[in-house]
Structures are given as C-alpha cells and as structure tokens.
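Coordinates in review
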Amino acid sequence: MADQATAQEFDILVLGGGSGGYATALRAVQLGLTVGLIEKAKLGGTCLHNGCIPTKALLHSAELADHARDSAKYGVNVTLDSIDITAVNAYKDGIIAGKFKGLQGLIKGKKGITVIEGEGKLQGTDTIVVNGTAYKGKNIVLATGSYSRTLPGLEIGGKVITSDEALTMDFIPKSAIILGGGVIGVEFASVWKSFGVDVTIVEGLPSLVPNEDATIVKAFERAFKKRGIKFSTGVFFQGVEQNDDGVKVTLVDGKTFEADLLLVAVGRGPVTANLGYEEAGITIDRGFVITNERLHTGVGNIFAIGDIVPGVQLAHRGYQQGIFVAEEIAGLKPVIVEDVNIPKVTYSEPEIATVGYSEKAAKEKFGEDQIQTQEYNLAGNGKSSILGTTGLVKLVRQKDGPVVGVHMIGARMGEQIGEAQLIVNWEAYPEDVAQLVHAHPTQNESLGEAHLALAGKPLHG
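Conventions we followed
- Residues numbered from 1 in each chain as written.
- Predicted model: local features only at pLDDT ≥ 70, side-chain atom pairs only at ≥ 80, totals over all residues.
- Heavy atoms only, no water.
- Core = buried A, V, L, I, M, F, W, Y, C linked by side-chain atoms within 4.5 Å.
- Buried < 20%, exposed > 50% of the residue type's maximum accessible area, 1.4 Å probe, protein only.
- Contact = heavy atoms within 4.5 Å.
- Pairing = 2+ DSSP bridges.
- Helix = DSSP H or I, 4+ residues; strand = E, 2+ residues; numbered from the N terminus.
- Axes fitted to C-alpha atoms, helices over the stretch in contact; angles between N-to-C directions.
- UniProt positions renumbered as here; feature names shortened; annotations may be inferred.
- Salt bridge = Lys/Arg side-chain N within 4 Å of Asp/Glu carboxyl O.
- Phe/Tyr/Trp six-rings, centres within 6.5 Å; stacked < 30°, edge-to-face > 60°.
- Lys NZ or Arg CZ within 6 Å of the ring centre and 35° of its normal.

This paragraph deals with the nonpolar core. Counting residues in hydrophobic clusters, the biggest one holds 46 residues, and the most contacted among them are Leu 142 and Tyr 277. Other than its neighbours up to four places away in sequence, Tyr 277 contacts Leu 15, Leu 122, Leu 142, Thr 144, Val 271, Thr 272, Ile 282, Ile 284, Val 289 and Ile 308. Counting residues in hydrophobic clusters, the runner-up holds 34 residues, among them Ile 85, Ala 189, Val 191 and Ala 219.

Read across the open sheet, the 3 strands follow the order β12-β13-β14; overall the sheet is antiparallel. Looking at the sheet topology across the chains shown, the edges are occupied by β12 (237–243) and β14 (256–259). Put simply, the sheet's adjacent strands are angled 15 degrees from each other on average, direction ignored. Where strand β13 (residues 246–251) meets β14, 4 bridges bridge the pair, whose relative direction is antiparallel. Looking at the pairing, Val 247 lines up with Ala 259 of β14.

In the numbering adopted here, UniProt assigns the feature "domain: FAD/NAD(P)-binding" (unreviewed entry) to residues 10–322. For the annotated span residues 10–322, helix accounts for 32% and strand for 27% of the residues, and the straight-line distance between the end C-alpha atoms is 17 Å.

Evaluated as defined, the whole model comprises 17 salt bridges. Here Glu 359 ties to Lys 363 by a salt bridge, and the two come within 3.0 Å at their closest N and O atoms. Placement of both Glu 359 and Lys 363 in helix α9 (residues 359–366) is noted, with a separation of 4 residues, approximately one turn of the helix. If you follow the salt bridges from partner to partner, you end up with Asp 213, Glu 359, Lys 363, Glu 368 and Lys 394 in one network.

This paragraph deals with the UniProt feature "domain: Pyridine nucleotide-disulphide oxidoreductase dimerisation" (unreviewed entry) in the chain. As recorded in UniProt, the sites labelled "domain: Pyridine nucleotide-disulphide oxidoreductase dimerisation" (unreviewed entry) are residues 342–450. With 31% helix and 28% strand, the stretch residues 342–450 has end C-alpha atoms that lie 21 Å from each other.

Attention shifts here to the packing of aromatic side chains. Applying the stated rule across the entire model yields 4 aromatic pairs. Summarising the aromatic geometry, the rings of Tyr 357 and Phe 366 are spaced 5.5 Å apart at their centres and angled 80 degrees between planes, so their arrangement reads as edge-to-face. Classification of Phe 366 by relative accessible area gives partly exposed; the value is 24%. The ring of Phe 366 carries Lys 365 above its face, with NZ or CZ at 5.8 Å from the centroid.

Here's what the structure looks like:
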C-alpha cells in the first residue's frame, strides 16, 4: 500500500501526457505552479504518435503521388513508378521522432514539471497512485485521451483493423473497405486511393462527413466520386467474415462488399475505464467524464479535458482546454470557447475546413428567417485554378448581424481556417471583413470575395 502521508505533492497533478495534458503543464509552470505530469506511454499521446501527425504525413505522401500522376497537364513530365511503403513509413516515423524529441526537450527544460512514468489511477479526490507510489495534487486534471473504437461484436484482428494498425502497415492492399465515413474514414480513403487502392466506404448515416454543412457534404461526395472512391451510405453494417483471401462485409439490407481488409473507423472512445474516476464520485456517461462549462467535474478540485470530455475530439481543443484549466486554477478566469467555435479541418483530398454554425444549425438556433448565406465558388479564384482545385466558401450570418459560420472545401483550403476562426470568434460582420485587403493571387482571397458578396458589393461575382 502506498504511503500517502509522505506522497510528493504538486499544485497540479495531470493524468495523461497527450495534447491536453502537456498543454496544462506548460501553461501552469508559466504561472508559477508546480506540476506532476503522469504518462504511461509516450508524451504527445494519440495526436503525435498515432493520430494527427502520422496521418498527415501519409496524406502528404499521397498528395505527391497525385501530383506525379497529374504532372503532364502542368508541363512537367514525371512518371509514378510505385509507392515504396517502407520509405513512406520511414518518412512518417522520422517526423514523429523529431517532434517527440523536441517535446521531450521542451518538457525537460521547464522548471516545475516532474514527469512521472507509469499508469496512474485516481484514489480519492487528491491522490493518483502510479506503480504503487502515491502522488498528491492540490488540483487534479484528468486527460487520459481516447482509443480507436469498434462496434459491439466486431472484433479487431487479422484483416479487420483500426487506424492504429493502418498507420503501421508494411504493405499496400489492392482493395479496402472502410467502415465509417467521418473524418478518420475519409482521410484514410483519400490516402489509400492516392496509393492506388480500390476503396469503398460504408457509412450507415445518410452521407459522408455527416457533421458538415449540407452544401459541403454535396461537394465532398461529388469530389470523391470523381476520384473513383466508392461509398455506400444510409444502410448500416451487419457483419464481416474473413479468410485467407480477405474480408466480406454484409450490410443489414443483405448487400455485400469484398476486399483485402476492413478498416474500422467509427470514431474514438474515451479512456476512462478502471482508472478510479467513478469511485471518486465523478459522473461518467457512456465512458465520458461530465463537467460543467468550466471543465470542473463537480468533485473536489478535479478537472477533465480533451477527448474524455463530450464534444469534438481534436488536439487543438485539448491544447485550448489545457491552457484554460491551468489559467482557471491560477484564478485568471479565462474565456470559454464553445465547441461550435473551434476550427475543424478534414485533411482529405479535397480538404474541408469549417468553424461555427452550419446553415441548418444556425436556423435552429437563431430562427429560420434570421439567417443569410453566401457561397463563393473557387472557380473564380486564380490561385485555386493554378492549383487545379475546385470547391467553394460558404458563409452563414445572422441577418444584419455577425458571421456565425464559415465552411470551405477544396485542395489546401484547411490553411484558410485561421482567418475564418478569427472572423467567427470575434463576431465580425461581413462589412468588417470586406474592407480588409486579401493578397492576390491567393486562396485566401476567396474568403475576402465571399465577404464582399455577403456585404452586398461583390467584386468578381
């Protein structure tokens, strides 16, 4: 039994060293607080090691493959001989290793942060036990992250894999079925199609990327069809059989699909089981930790952040919440950022970038007749034509009020999310943005053109 009487004590004890956890630690020491940062695997968590960073590395390799295939139309005669998956993985792993080394150095160099290696378990309201040793925190922050989910009765193994296994594959399949048409599913579909894989997505909901604005969904599905990515929507998965030749997926309507493997991409679940949360009196709902709007659990001085808190599961949300909680503990009363105003990017080809309310959600919140929208087609944008991409920018505003939603689709349009989130979060009016100068020729101009049009003075439309 750990001797709690002599337990090392910190101002903040953080359980989990992923995006949210280490952001808490870094901001806390800036504010003069001491931090114990507990991590059972590697600092950086899912995002760095088997999420954001490795998938985007694969997507960059995929983009280069597509450029090679299409180079002739730009007057550059290049041929794509093959995809060397060993070299692709080496490139990906090198990026991860470099960022991990940098993060380790950053944390090590911060006086006031003590990294505690091992699996921690909450004990009471102020103690976490790690490998039999008790550590105390005047405040505790739970940041234990997420895992790749599956469906009830759908076992992972053999030719049925999750994104974790997909990121370490040493071969490229000839064909693949992807169960789930959300962000993870469409990003892997995009990568594999660029690598020459015959891809089919199975999504039980009525459309791919079902959380996006309806206009974006329509444009996205059209783009995927043009790329030759097949998808089945509106009919749910029933089961899968596998043998030496591959997998056979059956839907509830009896339709079947066959491929070399099945990627299960049905989202990520919260890592909260068997960690002492419920025993400490913390409310858990379907595995998620329930907090108030200031991320307090209602128990002692315990907060929760990141993927274990209901809402969008994004690394930058984790960063923001980690900073928020550190400042909250320090008494700075930070401003709450609602999930709807957190920028979101799907890094497929084409990319989707969005922040704020969709047209449908805005009408539900503000009233059917209190919303105006404006679309700007990237066909009118010089830089997009140079890049060979199509797409659009859609704005949603309150009538005679601020812009409450920005939705974009097209190659590289994720890079425009920075200005978009400033527009929405600072409650800018179209007239405010219309008077700003957007450099020519850039894709950023499309935001300016859309706001000019919504302000009633379109330049090129």
